[in-house]
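# Coordinates in review
What follows is the residue order along each chain.
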Amino acid sequence: GAADFAGQALEAKTKESSEETSIDFGRAARFAFFGFILQAPWNHFYYLLLDGALPPTDDPLTATTGIKVVIDQFVQAPIFTVIIFVFLGLLEGKNIESINKQLENDYKNTMVANWKLWVPATAVNIAFCPPLFRVLFLNCVFFFWSIYLSLTLNKEEEN
């Protein structure tokens, strides 16, 4: 929710018109619901599974760290990104055809942006954060990623 409020504030600042913009509380509530119901549990259980399959190492710069980053960014992230588009699209009341069109239009660019942010963030997270704090670190980065998602997933509303 908070990241979407930030996204809406950025949208308002970048609009060229002088008309006053209002906050879309429903949109912010959808993002808050997404974080509470999907994103937080997904990341909690995903990291339990990942660390269970590939236990953390004392040395941060190991093959295990690299393998975890590859799994996270090239297996988990593409799947979870589709889930994000579908979940938020359904909450917004979009039909499957509309969600598919948005995936066709925005998925590739979203994944490229994802990798620019998340490959280094995931490497730092897995290499240097103790397992107990990995989801906390991830959630801090995810706040800014959610601003990007808010702007990307709602850009058609501005047209």
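A brief structural summary. (Residues numbered from 1 in each chain as written. Predicted model: local features only at pLDDT ≥ 70, side-chain atom pairs only at ≥ 80, totals over all residues. Heavy atoms only, no water.)

## Quick notes on the packing of aromatic side chains
Counted under the stated rule, the structure contains 11 aromatic pairs. Relative to F87, the ring of F34 lies with its centre 6.1 Å away and its plane at 55°, an arrangement referred to as tilted. Remark: F87 occurs in helix α3 (residues 63-91) and F34 occurs in helix α2 (residues 25-53); sequence separation between them is 53 residues. Just as F34 is buried, F87 falls in that class too. Joined through ring pairs, the aromatic side chains of F33, F34, W42, F80, F87, W118 and F142 make up one cluster. (Phe/Tyr/Trp six-rings, centres within 6.5 Å; stacked < 30°, edge-to-face > 60°. Helix = DSSP H or I, 4+ residues; strand = E, 2+ residues; numbered from the N terminus. Buried < 20%, exposed > 50% of the residue type's maximum accessible area, 1.4 Å probe, protein only.)

## Considerations on a nonpolar patch on the surface
Together, F33, F36, I37 and L91 line one region of the surface with nonpolar side chains, adding up to about 390 Å² of accessible area. In terms of residues, the nonpolar patch owes the most to one element, α2, which gives 3 residues. Within the element layout of this structure, F36 appears in helix α2. (Patch = residues over 30% accessible without salt bridge, like charges linked within 9 Å, V, L, I, M, F, W, Y side chains within 5 Å. Areas by Shrake-Rupley, 256 points an atom, 1.4 Å probe, with all protein chains shown as cover. Salt bridge = Lys/Arg side-chain N within 4 Å of Asp/Glu carboxyl O.)

## Section: the environment of G89
With respect to the secondary-structure elements, G89 resides in helix α3. On a C-alpha basis, the gap between G89 and I147 in space is 16 Å, while along the polypeptide they are 58 residues apart. The contact partners of G89, leaving out residues within four places of it in the chain, are I84, K94 and I99. (Contact = heavy atoms within 4.5 Å.)

Geometry only, nothing functional implied.
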